[in-house]
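Letter by letter, the chains look like this.
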Amino acid sequence: MLEIKNLHVKLEEEDKQILKGVDLKVEAGKVHAIMGPNGSGKSTLSYVLSGRDGYEVTEGSATLGGENLFEMEPEERAAAGVFLAFQYPVEIPGVGNMTFLRTAVNSQRKARGEEELSAADFLKEVRAKAKSLKIDADMLKRPVNVGFSGGEKKRNEILQMAMLEPKMCILDETDSGLDVDAMKLVAEGVNALRDEARGFLVITHYQRLLDHIKPDVVHIMADGRIVKTGGPELALEVENNGYADILAEVN
Ligand code: ADP
Ligand code: MG
Ligand code: MG
């Protein structure tokens, strides 16, 4: 599914290398978590995968199902099935949430050469999914994210993910200051979408999130590289002992 090889990334503006050879392979059906100390490059990795400006890939590759992500525009990555959770938390005054979702869903279908969903089918689907995420009909009509609480934005983000049915979901929850309720919500959303055809990369600073999302694989990132990979027990080790022991072991 997602394969990252020897990825090196620097800032465009200054001569600062941030990713220094990331290797990572996320298989379909698996949930991979990336943890690591602040400043290790976790968010940079998700930004680079999403195609955000300001970063330069100096070496290495990232492919989705064999397709080179770095040759695609952000919209093309989305159409290919990459979902980045922070891609849509923007507030869009004047655009109803429902309209926004329908446009997003249909533009992806179009890019894939699929037929657009009819208004009736879309409505049916969005209502069912909203209900299962405890999103009320009122929130679907309001302008995208405008005046939404933190929890509502999170719910909405999960709804976007549920509607777009991506192949590869990348969530960077590091700096979002998730409270326990929001964390559970993200976890429930991820768990509901777990599927053998779908991969997840969950980036988090907090072990807590991984109490609710049981990852198949846990990676520790430090200083721009994945320095250790293991099972869920690795997250518990971090919770109990912090990163110091792991970093001492690999240095
Ligand atoms: P993490 O998400 O693991 O906390 P980041 O990817 O946010 O780490 O940051 C990795 C390093 O790159 C940090 O030292 C950070 O200060 C630096 N960095 C990232 N983006 C920028 C930027 N746009 N300008 C300057 N420094 C940056
Ligand atoms: Mg950070
Ligand atoms: Mg971060």
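Look up a bit, the structure's there.
Residues numbered from 1 in each chain as written. Chains lettered and ligands numbered in written order. Predicted model: local features only at pLDDT ≥ 70, side-chain atom pairs only at ≥ 80, totals over all residues. Heavy atoms only, no water.

**Focus: the site of ligand 1**
By nearness alone, 13 residues border ligand 1, and G39, G41, K42, S43 and T44 come closest of all. Measuring from an oxygen atom of ligand 1, one finds a side-chain N or O atom of K16 at 3.4 Å. With respect to ligand 1, the side chain of Y55 contributes an N or O atom lying 3.3 Å from a nitrogen atom. Burial of ligand 1 by the protein amounts to 65% of the accessible area it has alone, namely 560 Å². Looking at which element gives the most residues to the shell around ligand 1, the answer is helix α1 (residues 42–50), with 3 residues. Among the residues making up the shell around ligand 1, the classes are represented as 4 nonpolar, 6 polar and 3 charged. (Near = heavy atom within 4 Å. Polar contact = N/O pair within 3.5 Å; in protein donor to acceptor, adjacent residues only side chain to side chain. Areas by Shrake-Rupley, 256 points an atom, 1.4 Å probe, with all protein chains shown as cover. Helix = DSSP H or I, 4+ residues; strand = E, 2+ residues; numbered from the N terminus. Nonpolar A, V, L, I, M, F, W, Y, C, P; charged D, E, K, R; others polar.)

**Thoughts on the nonpolar core**
F122, L159, M161, L171 and F200 are the most contacted members of the largest nonpolar core, which has 33 residues in total. For this core, the elements supplying multiple residues, two or more each, are α3 (97–111), α4 (119–132), α5 (137–141), α6 (150–164), β9 (168–172), α7 (180–193) and β10 (199–203). If near-sequence neighbours (up to four positions away) are discounted, L171 is found in contact with A85, M161, V186, V190, F200, L201, V202 and I203. In terms of nonpolar packing, the next biggest core, distinct from the first, is built from 26 residues, I4, L11, V82 and M221 among them. (Core = buried A, V, L, I, M, F, W, Y, C linked by side-chain atoms within 4.5 Å. Buried < 20%, exposed > 50% of the residue type's maximum accessible area, 1.4 Å probe, protein only. Contact = heavy atoms within 4.5 Å.)

**Here we look at the layout of surface pockets**
Taken as a whole, the second largest pocket spans an internal volume of roughly 190 Å³. In this structure, the second largest pocket is lined by 13 residues; those nearest its centre are V48, G51, R52, Y55 and R77. By residue class, the composition of the lining of the second largest pocket is 6 nonpolar, 2 polar and 5 charged. (1 Å grid on protein atoms, 1.4 Å probe; cavity = no way out; pocket = protein on both sides within 12 Å on 5 of 7 lines; lining within 4 Å. Points joined across faces, edges and corners; volume = space filled by probe spheres on them.)

**Remarks on α3**
Taking 1.5 Å as the rise per residue, α3 with 15 residues should run 21 Å; its terminal C-alpha atoms sit 21 Å apart, in good agreement. If you check which residues of α3 are buried, you get N97, M98, F100, L101, A104, V105, N106 and Q108. Those residues of α3 that are buried are in contact with α2 (74–80), β7 (92–96), α4, α5, β8 (143–144) and α6. Positioned one or two residues after α3, G113 has a phi angle of 75 degrees, which is positive. (Expected span 1.5 Å × (residues − 1).)

**Some details on unusual backbone geometry**
Backbone geometry places N145, a non-glycine residue, at a positive phi of 60 degrees. Assignment of secondary structure puts N145 in the loop between β8 and α6. Residues other than glycine seldom take positive phi values, yet D223 does so here, at roughly 45 degrees. Here D223 lies in the loop between β11 (217–222) and β12 (225–230). For D223, a relative accessible area of 48% puts it in the partly exposed group.

**Quick word on the pairing of β12**
Bridge count for β11 against β12 is 5 bridges, and the pairing is antiparallel. Residue pairing for β12: I220 is matched across the bridge by K228. (Pairing = 2+ DSSP bridges.)

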